[in-house]
Amino acid sequence: MEERIVAPDPVEDPEGYQQALLDLLGDQDALDVLALTPERIEDACIDLDVAVLQKAPAPGEWSAEEVVAHLLDAEIVYSFRWRMTLAQSGSAFPGYQQDLWIGLSHPSFPEMLAAFSALRRLNVWLAEETPSDQWDKVGIHSERGPETFDVSLKVVAGHDLAHLKQLEQTLAAVAG
């Protein structure tokens, strides 16, 4: 089966991970990808029952529900990082261990998707309303070092694409 997610580990190879996400985004517009991700998740999952959404394709892999939980967790993290970067350029922020966060309690799938969609709309609005001359403001990522707001948006858009692919492959494996 095709690999489900970007190969470089975000903690062990942060620069490689970042580059893989940027490569995945390619020439696509980051804001378009970011804005469409909630709809793409909903379209993929709308008619599926909870048992399918909660089924992992293999031991150690995430279910569709866990993929969406991860996207919600990441959106919470990046909401903070983007605001720190724009309001307090040069601020440092910590990394986080996604596998530990996925073990936290999350609401039901519909509630997670609604929360992700609302927060994502707010973050896309923030980016759209931020003058382009401020997109070079920098936040200091504890693992990747200095990262501009612009690059951070592109990384998250690539992250979306990676997890949308993972979601598609997961659903194909568990629903088929």
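That block above? That's the structure.
The following paragraphs examine the structure supplied in this document. (Residues numbered from 1 in each chain as written. Predicted model: local features only at pLDDT ≥ 70, side-chain atom pairs only at ≥ 80, totals over all residues. Heavy atoms only, no water.)

### Some points on a negative patch on the surface
Link 1 in the chain: Taken together, the side chains of Asp9, Glu12, Asp13, Glu15 and Asp99 present a region of like negative charge at the surface.
Link 2 in the chain: Secondary-structure assignment places glutamate 12 in the segment before helix H1 (14–25).
Link 3 in the chain: Judged by relative accessible area, glutamate 12 falls into the exposed class, the value being 71%. (Patch = residues over 30% accessible without salt bridge, like charges linked within 9 Å, V, L, I, M, F, W, Y side chains within 5 Å. Areas by Shrake-Rupley, 256 points an atom, 1.4 Å probe, with all protein chains shown as cover. Salt bridge = Lys/Arg side-chain N within 4 Å of Asp/Glu carboxyl O. Lys, Arg positive; Asp, Glu negative; His and termini not counted. Charge placed at Lys NZ, Arg CZ, Asp CG, Glu CD. Helix = DSSP H or I, 4+ residues; strand = E, 2+ residues; numbered from the N terminus. Buried < 20%, exposed > 50% of the residue type's maximum accessible area, 1.4 Å probe, protein only.)

### What about the packing of helix H2 (residues 30–45) against helix H7 (residues 149–175)?
Link 1 in the chain: Interhelical geometry of H2 versus H7 gives an angle of 20° and a closest axis separation of 9 Å. Of the possible angle classes, the one that applies to H2 and H7 is roughly parallel. As for how H2 packs across H7, the hand of that crossing is left-handed. Residues Ala30, Leu31, Val33, Leu34, Thr37, Arg40, Ile41, Ala44 and Cys45 of H2 touch H7, and the partners they reach there are Leu153, Lys154, Val156, Ala157, Asp160, Leu161, Leu164, Leu167 and Leu171.
Link 2 in the chain: Partitioned by chemical class, the residues of the contact of H2 with H7 number 14 nonpolar, 1 polar and 3 charged. (Axes fitted to C-alpha atoms, helices over the stretch in contact; angles between N-to-C directions. Parallel < 35°, antiparallel > 145°, perpendicular 65-115°, else oblique. Left-handed = near helix turned anticlockwise from the far one by under 90°. Contact = heavy atoms within 4.5 Å. Nonpolar A, V, L, I, M, F, W, Y, C, P; charged D, E, K, R; others polar.)

### Points about the pairing of strand E2 (residues 138–141)
Each regular strand displays side chains that alternate between the two surfaces of the sheet.
Link 1 in the chain: Only one face of E2 is buried, namely the one carrying Gly139 and His141, since none of Val138 and Ile140 on the opposite face is buried.
Link 2 in the chain: As judged from the 2 bridges shared by strand E1 (residues 92–93) and E2, these two strands associate in the parallel manner. Note that in E2 the partner of alanine 92 across the bridge is isoleucine 140.
Link 3 in the chain: Pairing analysis gives 4 bridges linking E2 to strand E3 (residues 145–148), with the strands arranged antiparallel. Each bridged residue has a counterpart across the sheet, and for glycine 139 the counterpart in E3 is glutamate 147.
Link 4 in the chain: Hairpin remark: E2 followed by E3, antiparallel, with 3 residues in the connecting loop. (Pairing = 2+ DSSP bridges.)

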